[in-house]
Amino acid sequence: MWRVSSAVASHPGLRREENEDAFCVRGDLGLYLVADGMGGHAAGEVASRLAVDAVEAFIEDTRHADVERTWPFPYDPKLSLDGNRLKAALRLANRRIAAAVVRDQALKGMATTAAAVLVDAGAGRITVAHVGDSRIYRRRAGQLAQVTHDHSWVGEQVRAGSLTEADAKRHPWRNVVTRALAGGDDPEVDVAQLDGRQGDLLMICSDGLSGVVGDDTCQAIITAAASLDQACADLIAAANAGGGPDNITVALIKIDVD
Ligand code: CA
């Protein structure tokens, strides 16, 4: 049985009035989620909140699922049960966004990212899923490494070798996402299983952190902090010290193996 501790913080940053990021931290469900909303006139706030609420409700409803319950989506035999739950939850969130736009045309064009971690402390399993450019990292043996691929234009260029990470952070198209929950067709959801070891730490963040503060700096801040709450506060402070151009959200999850 793992002991799982967590902390989360969110801040509008220094240049925006609203905070269009949303998050959910539910230790009882093992669910940790960050969503970064996009869209004018506060619509981004609606998209990220809708997505978080939809994912949280679906994961709660299927918490005792010993059957392959992913309705209205087909069960994917290549994925674990938790992988299927997360994939279905993100697709359901996408449909909720579509339905909200049908009800209120002022919300047209809204979208959100979603990056989720589902921890099964009893079985010792971690499942991650994401759509968009919000990131999930794992720190193991002091090294922080991203475990997701950004679904962004610059992310694709970095993977193809035509842009460096540093170029990507400054590129005028750095905010262009290639996949999001935008109410269109059921989105492709990247799902992965991670193992867990004593002391592993997972970080979920919006690009208001990862686009401003380098991975090495994040790693140093987490290592130096006396607690997970302090680490979250220090990461937000670092993003704001870097100009705070965007909303900043960070969740940290620590695994202790008894
Ligand atoms: Ca953002």
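Residues numbered from 1 in each chain as written. Predicted model: local features only at pLDDT ≥ 70, side-chain atom pairs only at ≥ 80, totals over all residues. Heavy atoms only, no water.

## Re the overall build of the protein chain
For step 1, the next point in the chain: A count of helices and strands for the protein chain gives 7 helices and 11 strands.
For step 2, the next point in the chain: Here the C-alpha atoms of the protein chain give a radius of gyration of 17 Å, agreeing with the 18 Å that 2.2 N^0.38 yields for 258 residues.
For step 3, the next point in the chain: The burial tally for the protein chain puts 50% of its 258 residues in the buried class.
For step 4, the next point in the chain: Summarising the internal contacts of the protein chain: among those between residues at least 6 apart in sequence, 68% fall at separations of at least 24.
For step 5, the next point in the chain: Put simply, the protein chain has 27 plus and 36 minus side-chain charges, and the middle of one group is 3 Å from the middle of the other. (Helix = DSSP H or I, 4+ residues; strand = E, 2+ residues; numbered from the N terminus. Rg over C-alpha atoms; globule rule 2.2 N^0.38 Å. Buried < 20%, exposed > 50% of the residue type's maximum accessible area, 1.4 Å probe, protein only. Contact = heavy atoms within 4.5 Å. Lys, Arg positive; Asp, Glu negative; His and termini not counted. Charge placed at Lys NZ, Arg CZ, Asp CG, Glu CD.)

## Re the coordination of the calcium ion
For step 1, the next point in the chain: Distances from the calcium ion to its protein donors, namely Asp36 (OD), Asp36 (OD), Asp207 (OD) and Asp246 (OD), fall within the range 2.3 to 3.0 Å.
For step 2, the next point in the chain: Here the donor residues of the calcium ion are spaced in sequence according to D-x170-D-x38-D. Placement of the pair is Asp36 in strand β3 (residues 31-38) and Asp246 in the loop between α7 (228-241) and β11 (248-257), with a sequence separation of 210 residues. A single burial state applies to Asp36 and to Asp246, both of which are buried. (Donors = N, O, S within 2.8 Å, 3.2 Å for Na, K, Ca; no water.)

## Focus: the side chain of Arg140
For step 1, the next point in the chain: Within the fold, Arg140 resides in strand β7 (residues 135-140).
For step 2, the next point in the chain: Within the structure, the side chain of Arg140 is placed 2.6 Å from the side chain of Asp200, a separation counted as a polar contact.
For step 3, the next point in the chain: Arg140 has contacts with Asp195, Gly196, Arg197 and Asp200, leaving out every residue within four places of it along the chain. (Polar contact = N/O pair within 3.5 Å; in protein donor to acceptor, adjacent residues only side chain to side chain.)

## Concerning the packing of helix α6 (residues 215-224) against α7
What describes two packed helices is the angle between their axes and the distance between those same axes.
For step 1, the next point in the chain: Orientation of α6 relative to α7, taken along the N-to-C sense of each, is 145 degrees, at an axis distance of 9 Å. For the pair α6 and α7, the crossing hand works out as right-handed. On α7, the residues touching Cys218, Ile221 and Ile222 of α6 are Ala231, Asp234, Leu235 and Ala238.
For step 2, the next point in the chain: Partitioned by chemical class, the residues of the contact of α6 with α7 number 6 nonpolar, no polar and 1 charged. (Axes fitted to C-alpha atoms, helices over the stretch in contact; angles between N-to-C directions. Left-handed = near helix turned anticlockwise from the far one by under 90°. Nonpolar A, V, L, I, M, F, W, Y, C, P; charged D, E, K, R; others polar.)

## Looking at the state of the cysteines
For step 1, the next point in the chain: Tallied over the entire structure, the rule returns 0 disulfides.
For step 2, the next point in the chain: Free of any disulfide, Cys24 has its nearest neighbouring cysteine sulfur in Cys232, separated by 15 Å.
For step 3, the next point in the chain: Looking at Cys218, it has no disulfide partner, and the nearest cysteine sulfur is the one in Cys205, 6.6 Å off.
For step 4, the next point in the chain: Judged by its relative accessible area of 2%, Cys218 is buried. (Disulfide = S-S within 2.5 Å.)

## A closer look at the pattern of salt bridges
For step 1, the next point in the chain: Here the structure, examined in full by the defined rule, presents 20 salt bridges.
For step 2, the next point in the chain: The partner of Arg49 in a salt bridge is Asp53, and the shortest N-O contact between them spans 3.1 Å. With Arg49 and Asp53 both in helix α1 (residues 43-61) and 4 residues apart, the pair spans about one turn of that helix.
For step 3, the next point in the chain: Since its relative accessible area comes to 37%, Arg49 is described here as partly exposed.
For step 4, the next point in the chain: Residue Arg91 pairs with Glu188 through a salt bridge whose shortest N-O separation is 4.0 Å. You can see Arg91 sitting in helix α2 (residues 81-103) and its partner Glu188 sitting in the loop between α4 (165-170) and β9 (190-194), a full 97 residues away along the chain.
For step 5, the next point in the chain: Looking at Glu188, the relative accessible area reads 52%, which means it is exposed. (Salt bridge = Lys/Arg side-chain N within 4 Å of Asp/Glu carboxyl O.)

## Topic: the nonpolar core
For step 1, the next point in the chain: Residues Leu31, Leu33, Val55, Ile59, Leu86, Met110 and Leu181 are the most contacted members of the largest nonpolar core, which totals 33 residues.
For step 2, the next point in the chain: Ranked by size, the runner-up nonpolar core spans 22 residues in total, among them Leu144, Cys218, Ala238 and Ala239. (Core = buried A, V, L, I, M, F, W, Y, C linked by side-chain atoms within 4.5 Å.)

## Some details on the pairing of strand β6 (residues 125-131)
For step 1, the next point in the chain: Most of β6 sits inside the fold, with 6 of its 7 residues counted as buried.
For step 2, the next point in the chain: By the bridge criterion, 7 bridges tie strand β5 (residues 114-120) to β6 in an arrangement that is antiparallel. For Asp120, the partnering residue across the bridge sits in β6 and is Arg125.
For step 3, the next point in the chain: Hairpin connection between β5 and β6: a loop of 4 residues separates the two successive antiparallel strands, and Gly124 in this loop has a positive phi of roughly 70 degrees.
For step 4, the next point in the chain: With 5 bridges joining them, β6 and β9 adopt antiparallel strand pairing. Bridge pairing in β9 places Thr127 opposite Gln193. (Pairing = 2+ DSSP bridges.)

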